[in-house]
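# Architecture at a glance
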Amino acid sequence: MTIAFTLLAALLPSALLLMYFIKQDRFPEPTHLLVKTFLFGVFSVVPVLILEFVLIVTTVIPAGDTVLKPILSAFLVAGFSEELFKFLILHLYCARKRDFDEPMDAVVYGVVASLGFACLENVGYVMGGGLWVAVVRAITAVPAHAAMGALMGYFYAQQHFGEARRVRFMSKALGVPILVHGLYDFFPMCISGGPVDPNKDVALTIGLMTLWVAFALWLCWSGLAISSEMRRKQFRR
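Residues numbered from 1 in each chain as written. Predicted model: local features only at pLDDT ≥ 70, side-chain atom pairs only at ≥ 80, totals over all residues. Heavy atoms only, no water.

### Description of the overall build of the protein chain
Where we set the bar: Labels follow the DSSP assignment, with helices taken as runs of H or I lasting at least four residues and strands as runs of E lasting at least two, numbered in each case from the N terminus. Just to be clear, the radius of gyration here is over C-alpha atoms, and the globule rule we use is 2.2 Å times residues to the power 0.38.
Of the regular secondary structure elements, the protein chain holds nine helices and zero strands. The secondary structure elements of the protein chain, listed N-terminal to C-terminal, are α-α-α-α-α-α-α-α-α. A compact globule built from 237 residues should have a C-alpha radius of gyration of about 18 Å, and the protein chain, at 18 Å, falls within 12% of that. Based on the C-alpha atoms only, the size of the protein chain along its principal axes is roughly 60 × 50 × 30 Å.

Next up, the structure:
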C-alpha cells in the first residue's frame, strides 16, 4: 500500500498539470497524438541519461570542485540534454502533424512532451526519496518542467506560424529553455556538491536559495501566463 501511495504521489503532479494545460486549448488536440507525445517524452529519458553520462565524464569530472562544476552540470548536462530531446519531439514529430495548426498547439505539445519526461524522472526520485520528496517536487521540479515546455512552445509557435525572423525564433525555442533550465538548476547545484558550503557560507546559501525560490515562482507564473495568452488569441482564428 505504501509503495502504491508513493507511486501515486509521484504521478499525480504531472497528471494534474497535463489536464490543466490540455483544457486550456479551446480546440483540443487528438487524444492519440497527446498520448504519443507524452510517451515520447517518457522514453526520451533513455537518450537523455546516455548523453548526460557522456557530458559528465567529458566535462564535469575534469572540471573538478570548481565553480565550473555547477555551471556545466546545470546548463550543459541537465539543461542542454533534457531540453534538446523535448525540442526534437516537438520539432520532428508534433509539428509535422496535420493537427498542429495554431500557436496554442505548440504550447500544449511542448508541455505534454516535457511532462512525459518529468513524470518518469519524478517516479525515480520519489520512489527513492519517499513522500517528502514527492511533495517538494510537486511544487518545484514538475511545474518547472511544464513551464519550460510552455516557453519552448511559445517561441516555437513564433517560428512555425510567424512570417519573420524564423531562424531567430527557432534558436529561442531551444536556447531559452536551456538557459532557464540551467538557471533553475544552478542555484541548488552550487550548494549541493558545489563550491558553496551551507554549513560555512550561511549567508550565501540563504541568498542563493532566495534567488532560486524567486526564479521558480517567476518560471511557473510564466508558464501559466503563456497558456492564458495563447488561449485568448484563439478567439482570433
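### Details of the nonpolar core
This is how it is decided: Among the buried residues, those of types Ala, Val, Leu, Ile, Met, Phe, Trp, Tyr and Cys that are joined through side-chain atoms within 4.5 Å form a nonpolar core. Accessibility here uses a 1.4 Å probe with only protein chains present; expressed as a share of the type maximum, an area under 20% marks a residue as buried, one over 50% as exposed, and anything in between as partly exposed. Contact between two residues is taken to exist if any of their heavy atoms lie within 4.5 Å; hydrogens are not considered.
Counting 60 residues, the largest nonpolar core has Phe100, Leu115, Tyr156, Tyr184 and Leu219 as the members making the most contacts within it. Residue contacts for Tyr184: discarding those within four places in its chain leaves Thr140, Ala141, Ala144, Met148, Trp212, Phe215, Ala216 and Leu219.

### Here we look at a nonpolar patch on the surface
The condition is simple: Exposure above 30% relative accessible area and the lack of any salt bridge qualify a residue for a patch; like charges then connect within 9 Å, and the nonpolar side chains Val, Leu, Ile, Met, Phe, Trp and Tyr within 5 Å. The Shrake-Rupley method, run with a 1.4 Å probe, gives the accessible areas here. Residue values count only the displayed protein chains as cover. What counts as a salt bridge is simple: a side-chain nitrogen of Lys or Arg found within 4 Å of a carboxyl oxygen of Asp or Glu.
Together, Val46, Ile50, Phe53, Val54, Ile56, Val57 and Ile61 make up an exposed nonpolar region whose accessible area comes to about 650 Å². Locating Ile50 in the fold gives a position in helix 3 (residues 45-63). Judged by relative accessible area, Ile50 falls into the exposed class, the value being 53%.

### Regarding the packing of helix 4 (residues 68-92) against helix 5 (residues 103-129)
Our working definition: Axis lines are fitted to C-alpha atoms, over the contacting stretch for helices. Their N-to-C directions set the angle, which ranges from 0 to 180 degrees. Small angles under 35 degrees read as roughly parallel and large ones over 145 as roughly antiparallel, with 65 to 115 read as roughly perpendicular and the rest as oblique. Each helix crossing is assigned a hand: it is left-handed if the near helix lies turned anticlockwise from the far helix by less than a right angle, otherwise right-handed if that turn is clockwise.
For the pair helix 4 and helix 5, interaxial distance at closest approach is 9 Å and the crossing angle is 135°. In terms of their interaxial angle, helix 4 and helix 5 are classed as oblique. Note on packing geometry: the crossing formed by helix 4 with helix 5 is right-handed. Facing Glu82, Lys86, Ile89 and Leu90 of helix 4, the residues of helix 5 in contact are Ala106, Tyr109, Gly110, Ala113, Ser114, Phe117 and Glu121.

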